[in-house]
Amino acid sequence: MPLLLILLFIVVPVAELYVIIRVGELIGVLPTLILLLADALLGSWLLKHQGRGAWRRFNEALAARRFPGREVADGALIIVGGTLLLTPGFITDVFGAFLLLPPTRAIARRLLKRLAIGRFMVVGIPGGGRGPVGSPPGNGGGGRGGRDYDFDATAEEVPDDGSREPRLPRTDEP
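Below or above, wherever it landed, is the structure these notes cover.

Basis of the calculations
- Residues numbered from 1 in each chain as written.
- Predicted model: local features only at pLDDT ≥ 70, side-chain atom pairs only at ≥ 80, totals over all residues.
- Heavy atoms only, no water.
- Helix = DSSP H or I, 4+ residues; strand = E, 2+ residues; numbered from the N terminus.
- Buried < 20%, exposed > 50% of the residue type's maximum accessible area, 1.4 Å probe, protein only.
- Contact = heavy atoms within 4.5 Å.
- Areas by Shrake-Rupley, 256 points an atom, 1.4 Å probe, with all protein chains shown as cover.
- Axes fitted to C-alpha atoms, helices over the stretch in contact; angles between N-to-C directions.
- Parallel < 35°, antiparallel > 145°, perpendicular 65-115°, else oblique.
- Nonpolar A, V, L, I, M, F, W, Y, C, P; charged D, E, K, R; others polar.
- Salt bridge = Lys/Arg side-chain N within 4 Å of Asp/Glu carboxyl O.
- Phe/Tyr/Trp six-rings, centres within 6.5 Å; stacked < 30°, edge-to-face > 60°.
- Polar contact = N/O pair within 3.5 Å; in protein donor to acceptor, adjacent residues only side chain to side chain.
- Left-handed = near helix turned anticlockwise from the far one by under 90°.

### So, the overall build of the chain
- What the chain contains, in helices and strands, is five helices and two strands.
- Per-residue burial over the chain gives 22% buried out of 174 residues.
- Partitioning the contacts of the chain with sequence separation of at least 6, the portion at a separation of at least 24 is 49%.
- Taken as a whole, the chain presents about 12500 Å² of accessible surface, with 69% of it coming from carbon and sulfur.

Next up, the structure:
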C-alpha cells in the first residue's frame, strides 16, 4: 500500500511534468497549454454526457426491479475517469479516456469484477449468521446502538420468471 501511494503521489506527477515539458519542446508552450485546456474541456463534457447516461440506466434498472450492479460500477468508473481527465497532464488523460469511453469502460468493468470476486465477505446474516469482525456469532451485526432500523443484512438477487437476469424482491409481497 505505501508503494502504491508513492507511485500515485510522486511518480505520476513527475512523469506528467516530464511529458508536458517534452510535448512543449516539440510543439511549443502555447499549443501545449491549449491542448491541455482542450482535453480538460472535452473531459468535462464527456463526464457530463456519460454520467447522465449512467444515471438514466441506473434509474431504469431500479424501475425494472433489476439489481443495478453494472450501473453502479459504470458510475464509479465514470467518476474516476472524469477526475483523471480534469487533472492536467497527458498520462492521466489517457487513463481517464479509457474509463470514460463505453467500449473500454466495459473492459475496465470486467477487470474490476475479476479483482473484486472473492475479496468480500457477507457479514451480518440475520438468524445466526456471523456478524462484523469481532462480534459474537449469532449477533447478526446488530451492534449499532440497538436501533431497529439500522442493521447489517444481506441483499438477495431473486430471479424473475426463470430468466438469468437478477431482480430485486417486490416490497408488496411478504
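Still more to cover.
### Focus: the environment of Gly24
- One can find Gly24 in helix α1 (residues 2-27).
- Its relative accessible area of 16% is what places Gly24 among the buried residues.
- Once residues lying within four places of it in the same chain are set aside, the contact partners of Gly24 are Val29 and Thr32.

### Some words on the packing of α1 against helix α4 (residues 90-100)
- Two elements in contact, α1 and α4, have axes whose closest approach is 7 Å; the angle formed by their N-to-C orientations is 105°. Between α1 and α4, the crossing angle belongs to the class labelled roughly perpendicular. Only Phe90, Ile91 and Thr92 of α4 make contact with α1, whose side of the interface consists of Val12, Ala15, Glu16, Val19, Ile20 and Val23.
- Here the residues of the contact of α1 with α4 are counted per class, giving seven nonpolar, one polar and one charged.

### With respect to the pattern of salt bridges
- For the structure shown, the criterion picks out six salt bridges.
- The residue Arg66 makes a salt bridge to Glu71 at a minimum N-O spacing of 3.7 Å.
- Members of the salt-bridge network, linked through shared partners, are Arg57, Asp74, Arg105 and Arg109.

### Re the packing of aromatic side chains
- Summed over all chains, the structure comprises one aromatic pair.
- A centroid spacing of 5.6 Å and a plane angle of 25° characterise the contact between Trp55 and Phe58, whose relative ring orientation is stacked. With Trp55 and Phe58 both in helix α2 (residues 29-63) and three residues apart, this pair spans about one turn of that helix.

### A few points about the side chain of Thr32
- Secondary-structure assignment places Thr32 in helix α2.
- By relative accessible area, which is 2% here, Thr32 ends up buried.
- Non-local contacts of Thr32, meaning those with residues more than four positions away in its chain, are made with Ile20, Val23, Gly24, Ile27 and Phe90.

### Brief notes about the side chain of Asp74
- Mapped onto the elements, Asp74 comes out in helix α3 (residues 69-86).
- Engagement of the side chain of Asp74 in a polar contact is seen with the side chain of Arg105, the distance being 3.4 Å.
- Setting aside chain neighbours within four positions, we find Asp74 in contact with Arg57, Arg105 and Arg109.

### Here we look at the packing of α3 against α4
- Here α3 crosses α4 at 155°, and the two axes come no closer than 7 Å. By the angle between their axes, α3 is roughly antiparallel relative to α4. Judged by the sense of rotation from one axis to the other, the crossing of α3 with α4 is left-handed. Together, Leu77, Ile78, Val80, Gly81, Gly82, Leu84 and Leu85 of α3 and Thr92, Asp93, Phe95, Gly96, Ala97, Leu99 and Leu100 of α4 make up the contact between the two elements.
- Considering only residue class, the contact of α3 with α4 consists of nine nonpolar, four polar and one charged.

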